[in-house]
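As a plain string of letters, each chain reads:
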Amino acid sequence: MMDADPRQPKLVFTGCVGAGKTTAITAISEVPPIATEAKSSEEYMVARKKNTTVAMDYGMLKLDDGVKLHLYGTPGQRRFDFMCHVLTQGALGLIVLIDNTHPDPLGELDYYLNLNAAFLRKSAAVVGVTHYDVTDSPAIQDYYDCLLERGDPWPVVRVDARDKRDVALLIHTLLAQLEFG
Amino acid sequence: MLCYLIRPIGFSESEHGNLEAILTIANGRLRENWRWTTNGPADVYLVAAESSLEWERHSAALPRDRLLACTLPGLNIDARWQIRREPLQLPSFRELTRMLDAIGAELAFGDLSTASSSDASKPAGPTSSDREAREEADDFYDPGKHLLGIIRDCLMDGVPRRLTARDGNCAVLIEPERGLCFVSDDKALPSSLLSASRDRIQEQRLGSEQLAHEISVMGSPGMAISDLVFIAALFGSRGRLWIGCRFDEPVRLKRWPDLRHLPQYMEYMGVMAFMSGNTADVKTIAARTGASVEKVINFHNACVALDLLDRGGEVSIREKALNPEIRRLYGKIAKRLQNNEA
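Residues numbered from 1 in each chain as written. Chains lettered and ligands numbered in written order. Predicted model: local features only at pLDDT ≥ 70, side-chain atom pairs only at ≥ 80, totals over all residues. Heavy atoms only, no water.

1. Observations concerning the sheet that holds strand β4 (residues 67-71) of chain B
All names here are of chain B.
- The strand order across the open sheet formed by five strands is β2-β1-β3-β4-β5, and the pairing between neighbours is parallel. Single-partner strands in this sheet number two, and they are β2 (33-36) and β5 (81-84). In this sheet, neighbouring strand axes are inclined to one another by 25° on average, regardless of whether the strands run parallel or antiparallel.
- In terms of strand pairing, strand β3 (residues 44-49) meets β4 through five bridges, oriented parallel. (Pairing = 2+ DSSP bridges. Helix = DSSP H or I, 4+ residues; strand = E, 2+ residues; numbered from the N terminus. Axes fitted to C-alpha atoms, helices over the stretch in contact; angles between N-to-C directions.)

This is the structure in C-alpha cells:
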C-alpha cells in the first residue's frame, strides 16, 4: 500500500450509484469537475439518474502554498470496482457516501468498507449519508450499529451532497479522524 | 454510565459486607454504577428501618428524598423509596436492582435535588440542598438545575412550554409531542438561557392553540429537542463536570453527535475524533488533542446528556506517529475549506 504523498494529496469519494459522489466533488471543487459518464444501468436509479460515472470523477482544491488537493470519485457501478483500488493508492482517506433511499443502504456500507478494507487498515474513513431528507430509515443509529458490528470507528454524518458546507464538514471530519482518531 | 454513592445506615457489619457483595453483582445489570460509601454525603441512603421510630430518627437527619427505606413487611412508613426484606434477611437482589435503576433515572436529571414540600419544613442538616452545596463545592454541573431539567420535565409530562431567560429576550418553545423546539433567534441560543440556573428561567405552560400561535409568530423552522439538549449541556456546563461523573473515568464516544447542528463544530473535531478511537479520561483527552480541559468537559457533558458515551472502560489509547509534514498538510486543507465556506 502506497503512503500518502503530502505533495500530491488526494481524497477519494466512494459509494453506491446515486449517492452523490459527483455532486459532492462538484460542490467543493474550484475547477469544473471532470466527469466520465455513461447511461445509467442500475435498476433502482434509472428513474432518478440518467447518467452515471464509469471511470472516475475529478475535482481539485488549491491550498495556500500552491499544493493541489485532488478529489477523486469512484464509479458507483460494481463492474468498475477495480477503480477503487487504483484511486485509493496514496490517498489520505476515504469518504463513503451512502444513499439512504437505496434498497439496502447498510448492505452498501458493508460492501464499500469491505472493498476498501486493505486501504482502511492504514487510513481512515467517514460515512456520509445522503437523501436522508427523503427517508430517515435506516436511522443514523443503524449505521453506527452496523459499524459497531464490524468494529469500525468511523463517524457517520448526514449530508446534502449539493451543499459545499456539508461536503466540507465531511472532509473536516475525515481529517480529524486521520490526525486524532 | 454515571456513578452514584449509596450509604447504608442501620445495618450490621456483616450485613454491610453482604450488601456490598450484592451491589457488586448488581452493578453488572444496573443502568448506572453504584458504589458503597460508609461515611460522608451520598446520593442515596439505604436505611434499615425496623420500626416507625427508627425511620423517623433517620429521616429527620438526612435528606428525605434521598432515603431508600429497607423495611420489614407490614411496616408502613412515609418513604418515597421503599423495599421490603424478611426478618434477618437483606432485600432481594431483583428488588434492589429495580429500585436503584428507578432512583438512578431521577438522579441523572437531578430531580432529587428539588426539595419537596415536606422537606421545606425539615430542620437544617444534609437535606436536599446538600446536592446544591455539593455542586457548588465540587463545582459539578447538575443538569436538573438548569435548562435540561425543564426540558426533561417537559418530555415527561408532555406539556408544551415557553421558556424565557429572565435577563434576556430570547424565547424557546418546546413541543414535546413532535420532539421539536423553536427559538426566537435561530442564529444563536443566548448563553443567558443555556447557562442560567433553573430558577432564572421563566417557564410558561402552553395549550395547543397557544403553542401553534406562538410558533407561527416566531417563524422559526424548529429543531430537534435532542439538539437543544446537546447544546444546553455543551454551553451550560461551563467547565463543570456532570454531577456523578468522575474526572478520572475513562470514556469513549459511541457515536458522533449530529455535527450539522453543533455550533462551532470545528473546535470539537479533534476531541470527537480522539474520543471515538480511544478510551481516556477528560484530562488525557485535553492533553492529546490540545483542547482545554474546560472544552473537553463541556463536550463530555453534552455527550452524557444524549447517552453518546461508553463509560468506565479500560484506558485504551492508540499511539499515533504522524509525519509532521502530513500534520501541516491537514491544517492547510482545513484552512482552505474554511476559506471556501466563507
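Picking up after the structure, the text goes on.
2. What about the interface of chain B and chain A?
- Listed as interface residues are 34 residues of chain B and, on the opposing side, 36 residues of chain A.
- The junction of chain B with chain A conceals about 3300 Å² of combined surface from both sides, 62% of it contributed by carbon and sulfur atoms.
- Broken down residue by residue, the surface that chain B buries against chain A is led by R260, Y330 and R336 of chain B, which jointly contribute 20%.
- The tally of links from chain B across to chain A stands at four salt bridges.
- The closest approach of N and O atoms between R336 of chain B and E30 of chain A, which form a salt bridge, is 2.5 Å.
- The interface formed by chain B and chain A includes eleven residue pairs in polar contact (both at pLDDT 80 or more).
- For the side of chain B that touches chain A, the secondary-structure elements that each account for two or more residues are α10 (269-277), α11 (282-289) and α13 (324-341) of chain B.
- At 15 residues, the largest contribution of residues to the side of chain B that touches chain A is made by α13 of chain B.
- Here the side of chain B that touches chain A is built from residues that sort into 14 nonpolar, eight polar and twelve charged. (Contact = heavy atoms within 4.5 Å. Buried area = accessible area lost by both parts, 1.4 Å probe. Salt bridge = Lys/Arg side-chain N within 4 Å of Asp/Glu carboxyl O. Polar contact = N/O pair within 3.5 Å; in protein donor to acceptor, adjacent residues only side chain to side chain. Nonpolar A, V, L, I, M, F, W, Y, C, P; charged D, E, K, R; others polar.)

3. A look at the environment of R255 of chain B
- Counting through the fold element by element, R255 of chain B comes out in the loop between β13 (251-253) and α10.
- Expressed as a C-alpha distance, the spacing of R255 of chain B and D307 of chain B, which sit 52 residues apart in the sequence, is 9.3 Å.
- Those residues in contact with R255 of chain B, other than ones at most four positions away along the chain, are I140, Q141 and Y144 of chain A together with L308 of chain B.
- Within the structure, the side chain of R255 of chain B is placed 2.9 Å from the side chain of Q141 of chain A, a separation counted as a polar contact.

4. Section: unusual backbone geometry
- Following S137 of chain A, the chain continues into P138 of chain A via a peptide bond in cis, with omega recorded as 5°.
- Mapped onto the secondary structure, P138 of chain A falls in the loop between β6 (125-130) and α5 (140-150).
- The phi angle at H131 of chain A is positive, at roughly 60°, despite the residue not being glycine.
- In this structure, H131 of chain A sits in the loop between β6 and α5.
- Positive phi is not limited to glycine here, since D307 of chain B has a value of about 55°.

5. Re the packing of aromatic side chains
- Following the criterion strictly, the structure yields six aromatic pairs over all chains and no others.
- On the basis of an interplanar angle of 55° and a centroid distance of 5.2 Å, the ring pair of Y58 of chain A and Y72 of chain A is categorised as tilted. With a gap of 14 residues between them, Y58 of chain A in strand β3 (residues 51-62) and Y72 of chain A in strand β4 (residues 68-73) connect regions that are remote in the sequence. When sorted by exposure, Y58 of chain A lands in the same class as Y72 of chain A, which is buried.
- Aromatic pair F230 of chain B and F299 of chain B: ring centres 6.1 Å apart, planes at 75°, arrangement edge-to-face. Taken together, the residues span a long stretch of sequence, with F230 of chain B in helix α9 (residues 225-236) and F299 of chain B in helix α12 (residues 293-305) at a distance of 69 residues. In this pair, the class of F230 of chain B matches that of F299 of chain B, namely buried.
- Taken together, the aromatic side chains of F230, Y268 and F299 of chain B make up a single cluster linked through ring pairs. (Phe/Tyr/Trp six-rings, centres within 6.5 Å; stacked < 30°, edge-to-face > 60°. Buried < 20%, exposed > 50% of the residue type's maximum accessible area, 1.4 Å probe, protein only.)

6. As for the layout of surface pockets
- Each pocket or cavity is described by its volume, and for the second largest pocket that value is around 690 Å³.
- Taken together, 28 residues form the lining of the second largest pocket, with K122, S123, A124 and L178 of chain A together with K320 of chain B sitting closest to its centre.
- For the lining of the second largest pocket, the secondary structure elements donating two or more residues are α4 (117-120) and α6 (164-180) of chain A together with α13 of chain B.
- For the lining of the second largest pocket, the class distribution of residues is 16 nonpolar, five polar and seven charged. (1 Å grid on protein atoms, 1.4 Å probe; cavity = no way out; pocket = protein on both sides within 12 Å on 5 of 7 lines; lining within 4 Å. Points joined across faces, edges and corners; volume = space filled by probe spheres on them.)

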